[in-house]
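Each chain, written out:
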Amino acid sequence: MNPMKKIQEDLSSELAEMNDIIVTQLATTNRMMNDIVSRYLQVKGKQIRPILVILSARMFGAVSSEVLLAGAALEMLHNASLIHDDIVDETALRRGVATINATMGNHIAVLVGDFFVSNALAAGIRTGDIRVISALSALGKELSLGEIDQICNAREHSLEESSYISMIRQKTASLFMNCARMGAELGGADETQQERLVAFAELLGLCFQIKDDIFDYFDDKRIGKPTGNDLREGKVTLPLLYALGNAPQEKSEPMRQILSEGNLTADNITRLIEFAKSNGGIEYAYSRMRAMQQEAMKILEELPSGESKRDFELIFDYIIERHT
């Protein structure tokens, strides 16, 4: 069985309760909002982030109602960021389904995204824990800055791996880190244990984004977005960064020229993708993920044994090997 499905089954009662919190929190008297939210929630992702909250709490203590509220808050904030990302990127499909901006327009989509943000904060307040509220507000800043960094990197044609890693740390890993911290705090972990689990979650989040970026180089209907979508938006990710920095100059220079001129036609996007593939970009991205995984497993060794620890190991394998 797919390890992620097994974890979802093991946590089915906790996830069901958390999803009930989300549905109740998002309910309104406005028919249009209810219809949009209902359709959106029907196509759930894998809910990796709230699963991290639950597993983190379970590693150190009980999965309380506060833990489930925190998981619901983080999941709503994550979904808000996806809705807003789809507007910025003019994305028509997510998880193989038409996005809110594609069906209802940007105006409605912005309002729905804001609605999710507000309800995430409201769910955080219901925990009665200032640490949760503080983390949610800080996380909103991190996610926004990560997106701005990505836009700046694209406009400035930044081709440094360090800039890329810094950007995906803010854009993606920060959410994983906050999930681990919230769960560990609410589960009763001490500060040292929290920091170790957060360090593990950072590496997990970085790998999640690197794998997402690899998808852009392949045509697979399971992914739910067109090949070359990131490049079309001027986003240069790890496989191409590596190829640009390591291929012979006579091969890399024409590719740099395409990027600097912003000449991202369909033919040029195909050229960039093939260049990255044929010059070791995909292999390098996988090697970076495996190195991060080894580092993460060493951190995990210092944390309490049990079901949660085994599930964290499985999730890391799944994130690197997944096809969607």
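What you see as residue numbers is a count from 1 along each chain, following the sequence as written. Selection of residues for local features in this predicted model requires a pLDDT of at least 70, selection of side-chain atom pairs for listing and counting requires 80 or more, and totals for whole chains, interfaces and linings are taken over all residues. Working from all heavy atoms in the structure, the side-chain values ignore hydrogens and water.

**Student:** Hey, could you run me through the packing of helix α10 (residues 191–215) against helix α15 (residues 281–301) in this one?
**Tutor:** Describing two packed helices takes the angle between their axes plus the distance from one axis to the other. In this analysis, axes come from line fits to C-alpha atoms, helices being fitted only over the stretch in contact, and the angle between any two N-to-C directions falls in the range 0 to 180 degrees. Secondary structure elements follow DSSP: runs of H or I no shorter than four residues count as helices, runs of E no shorter than two count as strands, and numbering proceeds from the N terminus. Relative orientation of the contacting elements α10 and α15 amounts to 165°, with a least axis distance of 9 Å. Comparing their axes, α15 and α10 come out roughly antiparallel. Crossing handedness for the pair α10 and α15: left-handed. Every residue of α15 that contacts α10 at Arg196, Ala199, Phe200, Leu203, Leu206, Cys207, Ile210, Lys211 and Ile214 is listed here: Ile282, Ala285, Tyr286, Met289, Met292, Glu295, Ala296, Met297, Ile299 and Leu300. Polar here means any residue other than Ala, Val, Leu, Ile, Met, Phe, Trp, Tyr, Cys and Pro, which are nonpolar, and Asp, Glu, Lys and Arg, which are charged; Gly is therefore polar. A class-by-class count of the residues in the contact of α10 with α15 yields 16 nonpolar, no polar and 3 charged. We call two directions roughly parallel when the angle between them is under 35 degrees, roughly antiparallel when it is over 145, roughly perpendicular when it lies between 65 and 115, and oblique otherwise. Crossing handedness follows the turn of the near helix against the far one: under a right angle anticlockwise gives a left-handed crossing, and clockwise gives a right-handed one. Should any heavy atoms of two residues lie within 4.5 Å, those residues are counted as being in contact.

**Student:** Looking at this structure, how should I read the packing of aromatic side chains?
**Tutor:** Given two aromatic rings, their pairing is described by the distance between the two centres and the angle made by the two planes. Stacked, tilted and edge-to-face are the three classes assigned to paired rings of Phe, Tyr and Trp, where Trp is represented by its six-membered ring and a pair needs centres within 6.5 Å; plane angles under 30 degrees give stacked, over 60 edge-to-face, the rest tilted. In the structure shown here, the tally under the stated rule is 5 aromatic pairs. Judged by centre distance (5.3 Å) and plane angle (45°), the ring pair of Phe176 and Phe208 falls under tilted. Within this pair, whereas Phe176 is found in helix α9 (residues 161–187), its partner Phe208 is found in helix α10, the two being separated by 32 residues in sequence. Of the aromatic side chains, those joined through ring pairs into one cluster are Phe200, Phe312 and Phe316. Throughout this description, the term charge over a ring refers to an Arg CZ or Lys NZ atom that lies within 6 Å of the ring centre and within 35 degrees of the ring normal. The cationic tip of Arg49 hangs over the ring face of Phe208; the distance from NZ or CZ to the ring centre is 5.0 Å. If you follow Arg322 out to its NZ or CZ, it ends over the ring of Phe208, 4.0 Å from the centre.

**Student:** Before we go on, may I ask you to explain the packing of helix α3 (residues 31–42) against helix α7 (residues 106–126) in this structure?
**Tutor:** At a minimum axis distance of 11 Å, the contact between α3 and α7 shows a crossing angle of 75°. Taken together, the axis directions place α3 and α7 in an arrangement best described as roughly perpendicular. Contacts between α3 and α7 involve Met32, Met33, Ile36, Val37, Tyr40 and Leu41 from the first element and Ile108, Leu111, Val112, Phe115 and Phe116 from the second.

**Student:** When you look at α15 in this model, what are you seeing that I'm missing?
**Tutor:** Count 3.6 residues to each turn of an α-helix, and residues three or four apart come out pointing the same way. By definition here, a helix of n residues has an expected span of 1.5 Å times n minus one. Here α15 spans 31 Å end to end across 21 residues, near enough to the 30 Å set by a 1.5 Å rise per residue. Among the residues making up α15, those that are buried are Gly281, Ile282, Tyr284, Ala285, Met289, Met292, Gln293, Ala296, Ile299 and Leu300. Contacts from the buried residues of α15 go to α9, α10, α12 (238–246), α14 (266–278) and α16 (307–321). Only protein chains enter the accessibility calculation, which uses a 1.4 Å probe. A residue is then buried if its area is under 20% of the maximum for its type, exposed if over 50%, and partly exposed in between.

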